[in-house]
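# Topology and contacts: notes
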Amino acid sequence: MPKLLTGAEIVFKCLEDQKVNHIFGYPGGAVLPIYDELKNHPSIKHILVRHEQGAGHAAEGYARSTGKPGVVLVTSGPGATNVVTALTDAYMDSVPMVCISGQVPTHLIGTDAFQECDTTGITRPCTKHNWLVKDINELSDVMHEAFKVATTGRPGPVLIDIPKDIQFAKAKYKKPKKDKKLNGKSHNKFSANEIDQLINLINKAKKPIIYSGGGVINSGPKASEALRKFVELTGFPITSTLQGLGAYPGDDNQFLGMLGMHGTYEANNAMHDCDLLINIGARFDDRITGKIDDFSPNSKKVHIDIDPSSINKIIKVDLAIVGDVTKVIDKVNRTIVKNGNGKSNKPNIAKWWEQIQKWRNKNSLNFINSEDSIKPQHAVQRLYELTKNKDTYVTTEVGQHQMWAAQHYKFNKPNRWMTSGGLGTMGYGLPAAVGVQVAHPEKLVIDIAGEASVLMTMQEMSTAVQYNLPIKIFILNNQYMGMVRQWQELLHEKNYSESYSEALPDFMKMADAYGCLGIKADDPSELDEKIQEMVDYNGPVIFDCHVDPNENCFPMIPSGKPHNQMILGPNDQEENKIKGKGKALV
Amino acid sequence: MPKSKSAYSTPSIKQKSDTYIFVVWVDNEAGVLARVVGLFSGRGYNIESLAVAEVDAVKNISRITIVTTGTPQVIDQIRLQLTKLVPVHKVGEFKRDDKDVIFKEMALFKIVGKKNKIEKCLNACKKFNPVVLDETKSSAVIQITALRREIDKMSKKLKPLGLISTSRTGAVAMTRGAKIFN
């Protein structure tokens, strides 16, 4: 007779067999049996957060920087509802995450018991799948299945709701099944014919562009290698979405920078004028496409994605290849090499590169620097220059600072850039940095933040201090919700309704209160020295960088305009005005 | 209305909407219907009718039949999104005017009135296999099976003859001939 284990023991057995080393959580009544069991499992380290949303974002940061699923443990009721934002964020950005929530005992479910909520009901639309375990005999299978669902196909969050009595009940433990029966949810059956069609399009293209996305990162480091080889073999220009940054080296000459609403002039114009668009692991998000009717009007479009429902969802494509990016691009590369015989269509696209160079000469990320006040773009550039020789991990909050970070911080490796793209969650960056630092204790981890965003999850500084996680919170403090202010300036006649933050806290005192180092900078001449001080300090830092409050984030595709009609920076002559109905629909 | 100038408007080339029937095989487990229905409401798809019941007690499989309308692009998305759900095994999809597929709905009519009125009702329903499920001196419950629009027509027709209550199912579907849905 095999030994019977309690539900709590089974949870940890599963976590051990799934090779989980860290969980992010917060205890409460309905998960106490699991917390009681924690002490018996030294290989699993629990990181105590200060709010369950922080646990979720930390797990996301952990997952995005390692490729492993992030694991979250929360209690019933408010514990579960607090983690909903992070689950939704992970769902939108395809981050693998396993959330275990406690639930009131089965006999109390549906009675409005203390700290009861319909957790599986609430999280159903923001998880890939969720389970309410009402039978202890199903617990091990559900746990293993949860990890499988979270990590296979297009990754995403899952949730397992475990009532308290199930955590006490006893059953046999079942190991994960070896067989890879994926219930038809993982797709990797592209055909040689599709690859040949793609090669054919590549050979014929005169104005091609590669548009890569987060799918390349999710497919693993090998995908980035394959992508680099593909770009090298074809000689094609490449642009990237926000989530895809780092898959291709940001300082390479073939890289046109980020595309989309705040993308570069060359990337967006190339997208508009191209005759072949190869989308690798991106999803034609609305911040990328701009006006759908005028999106890349003259191109053949190819879409490589692991999720069949991404194909033709927004943009009709001419060739769809459903599969894992690594596998598809590897196959394409091998075919190109095999067919090659020194033949290449690089001469065909020489003209195209000339055109791209002309767009590049606009220098669309340019800004007017100042000696009196720190320009936020300048701050990010200096931060990049002073940290680029370290293997730096960067997280962000959401807003202007996020876009400036994406524009001016150049990433050379995948999994180094963690940002909330799909959901756009202010308050993501600080807890995400906690998660990244837990996974990479020796690396430099910086949260490029805005003062409004960072206040939403500031409490996680306590977590950083508790575990001695030397995260650097680099706040571009402009006293406004900058992106809101920018839109109000451009779209709402400068009516800055509720976007100015009065009564901001003194971040120096705040750092002091949390027990970390505070650094303040408001003079451009001292910036480098202070950034260096932050980088050199062995411990968590809050860096309060006072920047010009009126700076706007350019370039920008305004509403009502396709890719080729961007507003450039203050140097741009043609002031594009946004009027009428467009305003309501941005 | 002036043409939208927004960067994020829908394409101006509107495709035509058609009515489709989706047949979805799912694990008969708690919450599965909520997942399917939640997908429709969450993504703004329309549900015209819905029928669901367990069809295989051994394998624990339920069959959900959903009638919906949408452009070809939306219909594609519905199929692909449904297929992504973990408890969904397979998804079939048919145009409502597909000649190779039988669609049927069932309706129960309660008629209150004298014998001759009820006779008239039965007569009117003759084409749709009427079955009298309950009869008293002054009332009857009649069951018919027919297409949605036929039932619509019948309930209109029976109103003046004493129809006081109608209960109807969603459509269910089955292919003609020896073929099955795979």
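Presented here is an overview of the structure given in this document. On a predicted model such as this, the values are computed, not experimentally measured, just so you know. (Residues numbered from 1 in each chain as written. Chains lettered and ligands numbered in written order. Predicted model: local features only at pLDDT ≥ 70, side-chain atom pairs only at ≥ 80, totals over all residues. Heavy atoms only, no water.)

### Remarks on the packing of helix α16 (residues 376-387) of chain A against helix α23 (residues 527-536) of chain A
All names here are of chain A. It is the contact of α16 with α23, at a shortest axis distance of 10 Å, that shows an interaxial angle of 50 degrees. Compared by their axis directions, α16 and α23 come out oblique. When you trace α16 past α23, the crossing you get is right-handed. Here His378, Ala379, Arg382, Leu383, Leu386 and Thr387 of α16 lie close against α23, whose contacting residues are Leu527, Asp528, Ile531, Gln532, Met534 and Val535. Grouping the constituent residues of the contact of α16 with α23 by class yields seven nonpolar, three polar and two charged. (Axes fitted to C-alpha atoms, helices over the stretch in contact; angles between N-to-C directions. Helix = DSSP H or I, 4+ residues; strand = E, 2+ residues; numbered from the N terminus. Parallel < 35°, antiparallel > 145°, perpendicular 65-115°, else oblique. Left-handed = near helix turned anticlockwise from the far one by under 90°. Contact = heavy atoms within 4.5 Å. Nonpolar A, V, L, I, M, F, W, Y, C, P; charged D, E, K, R; others polar.)

### Some thoughts on a positive patch on the surface
A cluster of like positive charges, contributed by Lys127, Arg149, Lys153 and Lys157 of chain B, occupies part of the molecular surface. Along the chain, Lys157 of chain B falls in helix α4 (residues 148-158). (Patch = residues over 30% accessible without salt bridge, like charges linked within 9 Å, V, L, I, M, F, W, Y side chains within 5 Å. Areas by Shrake-Rupley, 256 points an atom, 1.4 Å probe, with all protein chains shown as cover. Salt bridge = Lys/Arg side-chain N within 4 Å of Asp/Glu carboxyl O. Lys, Arg positive; Asp, Glu negative; His and termini not counted. Charge placed at Lys NZ, Arg CZ, Asp CG, Glu CD.)

### Describing empty space enclosed by the protein
Residues and elements named next belong to chain A. Under the criterion given, the structure shown has three cavities of 30 Å³ or more. Considering only enclosed or pocket space, the largest cavity measures out at about 50 Å³ in volume. Contributing to the lining of the largest cavity are Leu365, Asn366, Phe367, Gln377, Trp404, Gln407, His408, Glu551, Asn552, Phe554, Gly569 and Pro570. With three residues, the single largest contributor to the lining of the largest cavity is helix α17 (residues 400-408). (1 Å grid on protein atoms, 1.4 Å probe; cavity = no way out; pocket = protein on both sides within 12 Å on 5 of 7 lines; lining within 4 Å. Points joined across faces, edges and corners; volume = space filled by probe spheres on them.)

### Describing the side chain of Thr326 of chain A
Residue and element names in this part refer to chain A. With respect to the secondary-structure elements, Thr326 resides in helix α14 (residues 325-340). A polar contact of 2.4 Å, which involves the side chain of Thr326, links it to the side chain of Ser219. Thr326 has contacts with Ser219, Lys222 and Ala223, leaving out every residue within four places of it along the chain. (Polar contact = N/O pair within 3.5 Å; in protein donor to acceptor, adjacent residues only side chain to side chain.)

### Here we look at the packing of aromatic side chains
Overall, the coordinates contain 12 aromatic pairs over all chains when judged by the stated rule. A centroid spacing of 5.1 Å and a plane angle of 70 degrees characterise the contact between Tyr384 of chain A and Tyr409 of chain A, whose relative ring orientation is edge-to-face. Placement of Tyr384 of chain A in helix α16 and of Tyr409 of chain A in the loop between α17 and β16 (417-418) is noted, with a sequence separation of 25 residues between them. Across the pair, Tyr409 of chain A and Tyr384 of chain A agree in class, each one buried. Both rings, one in Tyr409 of chain A and one in Phe411 of chain A, keep their centres 5.1 Å apart while their planes meet at 35 degrees; by these two values the pair is tilted. For the pair Tyr409 of chain A and Phe411 of chain A, a shared accessibility class is recorded, and that class is buried. One aromatic cluster is present, built from ring pairs that chain together Tyr384, Tyr409, Phe411 and Trp417 of chain A. Over the ring of Tyr480 of chain A we find Arg485 of chain A; its NZ or CZ atom is 5.5 Å from the centre of that ring. In this structure, Lys90 of chain B packs its charged tip against the face of Trp25 of chain B, placed 4.4 Å from the ring centre. (Phe/Tyr/Trp six-rings, centres within 6.5 Å; stacked < 30°, edge-to-face > 60°. Buried < 20%, exposed > 50% of the residue type's maximum accessible area, 1.4 Å probe, protein only. Lys NZ or Arg CZ within 6 Å of the ring centre and 35° of its normal.)

### Brief notes about the environment of Thr175 of chain B
Residue and element names in this part refer to chain B. In this structure, Thr175 sits in strand β9 (residues 172-175). Taking relative accessible area as the criterion, Thr175 reaches 14% and is therefore assigned buried. A C-alpha to C-alpha distance of 5.8 Å links Thr175 and Asp100, two positions 75 residues apart in sequence.

### Thoughts on unusual backbone geometry
A cis amide bond, omega -5 degrees, links Phe554 of chain A with the succeeding residue Pro555 of chain A. Its place among the elements puts Pro555 of chain A in the segment after β20 (541-546). Unusually for a residue other than glycine, Asn312 of chain A sits at a positive phi of about 60 degrees. Relative to the helices and strands, Asn312 of chain A resides in the loop between β13 (300-305) and β14 (319-322). Asn312 of chain A sits in the buried class, given a relative accessible area of 18%. Look at Asn60 of chain B: it is not a glycine, yet its phi comes out positive at around 65 degrees. Following the sequence through the fold, Asn60 of chain B ends up in the loop between β2 (49-56) and β3 (61-70). By relative accessible area, which is 35% here, Asn60 of chain B ends up partly exposed.

### Brief notes about a nonpolar patch on the surface
Residues and elements named next belong to chain B. On the surface, a cluster of nonpolar side chains totalling about 250 Å² of accessible area is made up of Leu33, Ile47, Leu50 and Val52. Mapped onto the elements, Leu50 comes out in strand β2. For Leu50, a relative accessible area of 31% translates into the label partly exposed.

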